[in-house]
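So the chains spell out like this:
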2 protein chains.
Amino acid sequence: MSSERLIYLPLGGAGEVGMNAYVYGYGKPGKERLILVDLGLTFPDMDNSPGVDLILPDISWLEARRNQLDGIFITHAHEDHVGAVAHYYDRLGAPIHARAFTANIARGKMAEFGHPETAVRIASPWPETVTAGPFTVGFVPISHSIPESSGLVIDTPDGRIVHTGDFKIDLTPGVGEPFDHDLWASIGAAGVKVLACDSTNVFSHHEGRSESSVAQPITDLVADRPGMVVATTFASNVARVKTLAEAGARAGRSVCLMGRAMRRMIEAAVESGVLTDFPRTVTPEEAANMPRENVMLIVTGSQGERRAASAQLANGKYNGITMKEGDTFLFSSKTIPGNERGVIRIINQFSELGVDVIEGDDRYHVSGHANWPDLDTIHKLLKPQMLIPMHGEHRHLREHVKLARANRIEGILAVNGMMIDLSGNAPKVAEYVETGRTYLDGSVKYGALDGVVRDRIRMALNGHVMINVILDEEDEPLGEPWVETMGLAGTGRSNAPLVDVLEEDLAQFMGRAGNKVLGDDDKLEEGLRRVARQSAQNEIGKRPEVTVVISRLAD
Amino acid sequence: MSSERLIYLPLGGAGEVGMNAYVYGYGKPGKERLILVDLGLTFPDMDNSPGVDLILPDISWLEARRNQLDGIFITHAHEDHVGAVAHYYDRLGAPIHARAFTANIARGKMAEFGHPETAVRIASPWPETVTAGPFTVGFVPISHSIPESSGLVIDTPDGRIVHTGDFKIDLTPGVGEPFDHDLWASIGAAGVKVLACDSTNVFSHHEGRSESSVAQPITDLVADRPGMVVATTFASNVARVKTLAEAGARAGRSVCLMGRAMRRMIEAAVESGVLTDFPRTVTPEEAANMPRENVMLIVTGSQGERRAASAQLANGKYNGITMKEGDTFLFSSKTIPGNERGVIRIINQFSELGVDVIEGDDRYHVSGHANWPDLDTIHKLLKPQMLIPMHGEHRHLREHVKLARANRIEGILAVNGMMIDLSGNAPKVAEYVETGRTYLDGSVKYGALDGVVRDRIRMALNGHVMINVILDEEDEPLGEPWVETMGLAGTGRSNAPLVDVLEEDLAQFMGRAGNKVLGDDDKLEEGLRRVARQSAQNEIGKRPEVTVVISRLAD
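Okay, so let's go over this structure. The structure displayed is predicted, hence computed values, not measured ones. (Residues numbered from 1 in each chain as written. Chains lettered and ligands numbered in written order. Predicted model: local features only at pLDDT ≥ 70, side-chain atom pairs only at ≥ 80, totals over all residues. Heavy atoms only, no water.)

Attention now moves to helix α8 (residues 260-271) of chain A. Residue and element names in this part refer to chain A. Between its first and last C-alpha atoms α8 spans 16 Å; for twelve residues at 1.5 Å apiece the expected length is 16 Å, and the two agree. Taken together, the buried positions of α8 are Met262, Met265, Ile266, Ala268 and Ala269. Along the axis of α8, the buried positions cluster into a sector of 160°, meaning they face one direction only. Within α8, the exposed residues directed more than 90 degrees away from the buried face are Arg260 and Glu271. Residues of α8 that are buried in the fold lie against α4 (100-112), α7 (238-250), β15 (254-258) and β16 (295-299). Gly273 sits one or two positions beyond α8 and adopts a positive phi of about 85°. (Helix = DSSP H or I, 4+ residues; strand = E, 2+ residues; numbered from the N terminus. Expected span 1.5 Å × (residues − 1). Buried < 20%, exposed > 50% of the residue type's maximum accessible area, 1.4 Å probe, protein only. Arc of directions from axis to C-beta. Contact = heavy atoms within 4.5 Å.)

Quick look at the structure:
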């Protein structure tokens, strides 16, 4: 088959929430010209990725085809959409396109890595477009929980693709552009072949609520509370931060932003012109010296992150400020599944300080994603020929295909690595591409399946025994085996130190072992490991990880 | 002060959900006769207690006073109330009192440990009582999510204590005794000095719902679904298991129980007479050979536990049964905070199999704990002089004290280790007792703060470097340092193997080191550790844990 085809290939975000990276291509099979939509990251957790700093999509497939890549398009400035641009700039090189606010954030990341900021180009919104190979890409304003989110209209020789990015239908988003039904209807009227659509909230069946609906409840709450009021939200939700700040100002409080991400986002919003009338703020030092009932802090750390401002305040003093009895802490946010423990920990710490915490109250938070009814609306507005649910776990994508079916749209469930051929009248799987997760760990990147983190998890679950033996030139043991343990109980069943018990059992093994074993590193190591694990099992009921070091003195 | 006093001392459960263990005492200070109410456990997690099997309360204080302990009273058979009885039988020895169903479960645990089952005595419900030293204890039926839950009426020379245990106000609990307002009112009418009261649901302000309210929705759901229906719930919720089984039977399905805990609970309920008319069940083998639309499985693993039946089914085949497109999996349960990741994992696995999952739907689950309105009712019914909120995190206890204040009851926030003197007209802190968590790890118990688990967490976060050096009789290095790593990237900045880089840097250090260092194990170890950490930091941007083994060849 040598005719052109139109393809879609998710490298991240399809089958998970986070780490968005979607490839579109057009051309002869294998020689398609490519664009990448979003290049985000996701966050590690102790269960699956202890010690890892960040999780990035594995872009090997794209890197091997970087000469086919005509551009990278970033829909909005959330970390799971823009977070990996600087990490991968060296390996992809293509120009990065984004609207002003998003570009400001992306350029900040590039600068941190010493990459040229000019690699990030500022795109004007629709009807202006950017040409990248066979693709003409327009950034269409769409409402979400961060300024200047865009749905992309991607016109190709084989028809129009609409890639929503993350979105909701919000007619009064506070900061930024409201959802424009007429504009989207006109985009749909021109004929949409493929709708690639946000799926994260498909299980929410109630009507979506506008960002502006939280303003009055927050204003009333802040006006009502004695003592200091501290609120946390996602730093990137500039509209929310503004609402909180205005509620503080209206209650006669001085507003103070705390946390690097919070200040960075507001700075980017002001610099890029999306935020023009933010209340005057004071520094933490100034806030610390004011009567507490005159202060409103807006802080990072809505997910209970250990090093963020909220966790620091819960721990005690932060930036000279201590919360106490009579103060209020508001979570103007939702706890992302998996972060509950961290959030509950700081709520209890605040409780110990006597601080009233308001959390999980719908009046003070709305989601930034389209619920089922909003998704239904966008299907009907754009009337696509095909639907590709994107950004969501498997369950979300599957449910979104059901909605498509209900709307008589051809849907396909494509997870990361499934290349979909969009050329015909129905989407079909063209190929399976190897994808996965890349861990950034300290300054090193490696594959999630490389075994490094598996070993860490094993040490965490099983503890670690290190065995040291020395043999002379005749393969005779010099002294007895030496054992160190880490992460294991000091004593077990016999009440003798565990290392003593292990050393004795290992010494007995060495004593019994013949030259065939003593002279063979592999056999000796295997024997020592087996004895150590069995001995630990008897003594403490656990089979630890074992590292054996055999030193042979040279002739 | 030599007169008698009445004391309360939580050793577990106060400041946390789980691991309940509450001491009451009466007598001269330091010589009080004691009883223990509940002796439960809690479950580990990867964030805080990787590799640990179970978490038990630290009972050192009580063990040191075991000759003052006149009895252990178990309110109900949930693991966080009864789970530690067998683990601690040797160390406490006192007779254990419980009603028949709870005793059946407790005796099973005793048998597993080879302890005498007769140590667990079956108590008849109120108005019968058990005398234990100066205490007269009655088991008053109270509704909860397990059969035969009891509130304890503890009469003391200094007045009546009511210890609710876990409870809700349920007039139609399905299996077991309904909440009896008149009975509780009569108990209150005799005068209650202290109410120690379940706090876990104090933040829920809506009216509690009866267990029986889920029967019709579940029946309708099961009748409606094509394919196999599999439901999970807490195995101990015998009423729910019965409701699920009856829904299956009514839909003409054969019912099969899967998972050891599920079968054990139903067996105990039948043996103890609380369950009399459970639908006939079939074996997994029989179920596997039936048309799938004729089968209803009821399985363990509502919290996504990796080894439970639900996770096994999500993974593929279990007991010869494979779920597939058109089947339904119902969570008739709530996800306990912290377990979200595990639950979401299996939902997505089911989604990949094409199974429709119903989760988080209030129609199919009700809580077993008293909400704010129920707590208010019990306050008003018993009219205690003092309230001690128990079973709950700090935030729950604090909120419950607020409710007490609203009801003009003297409340006190007592967390684990705070001994409260209840003798006067108001509760007051008498003493702070050292308490904490004991980890069961394999076959060994040790303190949560002993450092074992801290080392495991450090290895998981930082990786582990092992350094081996050998010196001769003159303190001269024999060969070069040998390095092994575990849980660290194989190569870093220089593209050479990490172990080679470390070995080279360590060899240089040894070369530079004078006799004062080479001859001193502590100095040499400290130097090697420092160099290894710095070298790793340069190479991979991480500072690993380091274990150093120095071998000195004897003269």
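With 62 residues of chain B at the interface, the matching set in chain A holds 62 residues. Here chain B meets chain A over a buried area of about 5,300 Å², counting both sides, of which 59% is carbon and sulfur. On the chain B side of the contact with chain A, Met46, Arg341 and Met486 of chain B bury the most area, a combined 14% of that side's loss. Linking chain B with chain A are twelve salt bridges. Asp441 of chain A is the partner of Lys542 of chain B in a salt bridge, and the nearest nitrogen-oxygen pair spans 2.6 Å. (Buried area = accessible area lost by both parts, 1.4 Å probe. Salt bridge = Lys/Arg side-chain N within 4 Å of Asp/Glu carboxyl O.)

Moving on, we come to the sheet that holds strand β16 (residues 295-299) of chain B. Residue and element names in this part refer to chain B. The parallel open sheet is built from five strands, whose spatial order is β15-β16-β14-β17-β18. Strands with a single pairing partner mark the edges of an open sheet, and in this sheet they are β15 (254-258) and β18 (356-358). Across the sheet, the axes of successive neighbouring strands diverge by a mean angle of 20°, strand direction being ignored. Taken together, the five bridges between β15 and β16 define a ladder with parallel strand orientation. Counted as the bridge partner of Leu257 is Ile298 from β16. (Pairing = 2+ DSSP bridges. Axes fitted to C-alpha atoms, helices over the stretch in contact; angles between N-to-C directions.)

Residues and elements named next belong to chain A. The final tally for this structure, using the stated rule, is 64 salt bridges over all chains. For Asp170, the salt bridge goes to Lys168, with nearest N and O atoms at 3.5 Å. Accessibility classification places Asp170 together with Lys168 in one group, the buried group. Between Glu393 and Arg395 there is a salt bridge, and its shortest N-O distance comes to 2.6 Å.

The subject of this paragraph is the relation of the copies chain B and chain A. At an RMSD of 0.0 Å, chain B and chain A line up after a rotation of 180° and a shift of 0.0 Å along the axis. The transformation relating the two chain copies, once decomposed into turn and shift, fits a two-fold axis. Within chain B, Ala460 of chain B has its C-alpha nearest the rotation axis, a separation of 2.7 Å. With an isologous cut-off of 70% or more, the 100% of interface residues of chain B that recur at the interface of chain A puts this contact in the isologous class. (Least-squares fit on C-alpha atoms with pLDDT ≥ 70 in both.)

This part is about the pairing of strand β5 (residues 54-57) of chain B. All names here are of chain B. Both faces of β5 are covered, namely the face carrying Leu54 and Leu56 and the face carrying Ile55 and Pro57. Pairing between β5 and strand β24 (residues 437-441): four bridges, direction antiparallel. Bridge assignment links Leu54 to a residue of β24, and that residue is Leu440.

All names here are of chain B. By the definition in use, this model includes four cavities of 30 Å³ or more. Estimated volume of the largest cavity: approximately 110 Å³. Forming the boundary of the largest cavity are 16 residues, of which His144, Ile146, Pro147, Pro173 and Val175 lie nearest the centre. Within the lining of the largest cavity, the residues separate by chemical class into seven nonpolar, six polar and three charged. (1 Å grid on protein atoms, 1.4 Å probe; cavity = no way out; pocket = protein on both sides within 12 Å on 5 of 7 lines; lining within 4 Å. Points joined across faces, edges and corners; volume = space filled by probe spheres on them. Nonpolar A, V, L, I, M, F, W, Y, C, P; charged D, E, K, R; others polar.)

In this section: unusual backbone geometry. Cis rather than trans, the peptide bond between Trp126 of chain A and Pro127 of chain A has omega equal to 15°. By the element assignment, Pro127 of chain A lies in the loop between β8 (120-122) and β9 (130-132). The phi dihedral of Glu148 of chain B is positive, around 60°, even though this residue is not glycine. By the element assignment, Glu148 of chain B lies in the loop between β10 (135-141) and β11 (150-156). At Arg408 of chain B, a residue that is not glycine, the phi angle is positive and equals roughly 55°. Along the polypeptide, Arg408 of chain B turns up in the loop between α13 (394-406) and β21 (410-411).

Rolled over the atoms, a probe with the dimensions of a water molecule shows which regions are left empty. Roughly 230 Å³ of volume is contained in the second largest pocket. Ser551 of chain A together with Leu478, Gly479, Glu480 and Trp482 of chain B are the residues nearest the centre of the second largest pocket, which is lined by 13 residues in total. Those elements that place two or more of their residues in the lining of the second largest pocket are β28 (545-552) of chain A together with β26 (464-471) of chain B. Of the residues contributing to the lining of the second largest pocket, the split by class is seven nonpolar, three polar and three charged.

Moving on: the environment of His464 of chain B. Topologically, His464 of chain B is positioned in strand β26. What makes His464 of chain B buried here is its relative accessible area of 0%. Within the structure, the side chain of His464 of chain B is placed 2.9 Å from the side chain of His464 of chain A, a separation counted as a polar contact. (Polar contact = N/O pair within 3.5 Å; in protein donor to acceptor, adjacent residues only side chain to side chain.)

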